[in-house]
Amino acid sequence: IGKPQPGETVAAILKRLVGQRVELRLESGQSIAGKVEAVGDSTIHLTALTGMEMYEAVVVLDDVSAVVSRAPAK
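Calculation rules
In this convention, every chain numbers its residues from 1, walking through the sequence in written order. Totals for whole chains, interfaces and linings use every residue, but because this is a predicted model, local features are given only for residues with pLDDT of at least 70 and side-chain atom pairs only at 80 or more, for both listing and counting. Side-chain metrics in this entry use all non-hydrogen atoms of the structure; hydrogen atoms and water are not considered. Helix numbering and strand numbering both begin at the N terminus, where a helix is a DSSP run of H or I of at least 4 residues and a strand a DSSP run of E of at least 2. As a reference, a globule follows 2.2 Å times the number of residues to the power 0.38, and the radius of gyration itself is taken over C-alpha atoms. Accessible area is worked out with a 1.4 Å probe on protein chains only. A residue is then buried under 20% of its type maximum, exposed over 50%, and partly exposed in between. For this analysis, residues touch if any pair of their heavy atoms sits within 4.5 Å. By definition, two strands form a pair when at least two bridges between them are found by DSSP. In plain words, nonpolar cores are sets of buried Ala, Val, Leu, Ile, Met, Phe, Trp, Tyr and Cys residues tied together by side-chain atoms within 4.5 Å. Any carboxyl oxygen of Asp or Glu within 4 Å of a side-chain nitrogen of Lys or Arg constitutes a salt bridge here.

Undergrad: What should I look at first to understand the overall build of the protein chain in this one?
TA: Across its full length, the protein chain carries one helix and five strands. For the protein chain, the succession of helices and strands along the chain, N to C, is α-β-β-β-β-β. Against the globule reference of 11 Å for 74 residues, the protein chain gives a C-alpha radius of gyration of 12 Å, in line with a compact fold. Projecting the C-alpha coordinates of the protein chain onto the three principal axes gives extents of approximately 35 × 30 × 20 Å. Looking at the protein chain as a whole, 28% of its 74 residues are labelled buried.

Now the structure itself:
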């Protein structure tokens with residue numbers, strides 16, 4: 001993910017992560033993980049969902065409370 005810039009939104013961070021695998025923690029306490037396919041004005045399109053590789057999901061941006069991504073090795 002890298003260090004967020006001042007004022008950077010969750011949408012901007014996710015746009016940098018298109019093509020990468022992430023876990024999204026939702027306001028409800030649930031989480032969903034998959035590959036970020038696209039980020040729109042109000043939704044995120046995930047593909048290759050963890051544990052359900054043949055499925056896709058659309059998540060409402062306002063429902064995301066955290067973005068978890070694997071950090072590159074140092």
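Undergrad: How do you make sense of the side chain of Thr 47 when you look at a structure like this?
TA: Within the secondary structure, Thr 47 is located in strand β3 (residues 43–47). Thr 47 gets classed as buried once you look at its relative accessible area, which sits at 11%. Ignoring anything within four residues of it in the chain, the contact list for Thr 47 reads Gly 34, Lys 35, Glu 37, Tyr 55 and Glu 56.

Undergrad: Looking at this structure, I do not really get the pairing of strand β4 (residues 57–60). What am I missing?
TA: Put simply, side chains in a regular strand alternate between the two faces of the sheet. Across the two faces of β4 the burial differs, with Ala 57 and Val 59 buried and Val 58 and Val 60 not buried at all. Direction of pairing for β3 relative to β4: antiparallel, over a ladder of four bridges. Residue pairing for β4: Leu 46 is matched across the bridge by Ala 57.

Undergrad: Just checking my understanding: could you explain the nonpolar core for this structure?
TA: Generally speaking, nonpolar side chains in soluble globular proteins are found buried as a group. By size, the foremost hydrophobic cluster in this structure holds 18 residues, and its most contacted members are Leu 14, Leu 24, Ile 44, Leu 46 and Val 59. Secondary-structure elements contributing two or more residues to this core are α1 (10–16), β1 (21–26), β2 (31–39), β3, β4 and β5 (64–69). Once residues within four sequence positions are removed from consideration, Leu 46 is found in contact with Val 22, Leu 24, Ile 32, Gly 34, Lys 35, Val 36, Glu 56, Ala 57 and Val 59.

Undergrad: Would you take a moment to explain the pattern of salt bridges for this structure?
TA: One side chain can pair with another of opposite charge once the charged atoms of both are near each other. Applying the stated criterion across every chain, the model contains three salt bridges. Glu 8 serves as the salt-bridge partner of Arg 16, at 3.1 Å between the closest nitrogen and oxygen. Between Arg 25 and Glu 23 there is a salt bridge, with its nearest N and O atoms 2.8 Å apart. According to the relative accessible area criterion, Glu 23 is partly exposed, its value standing at 22%.

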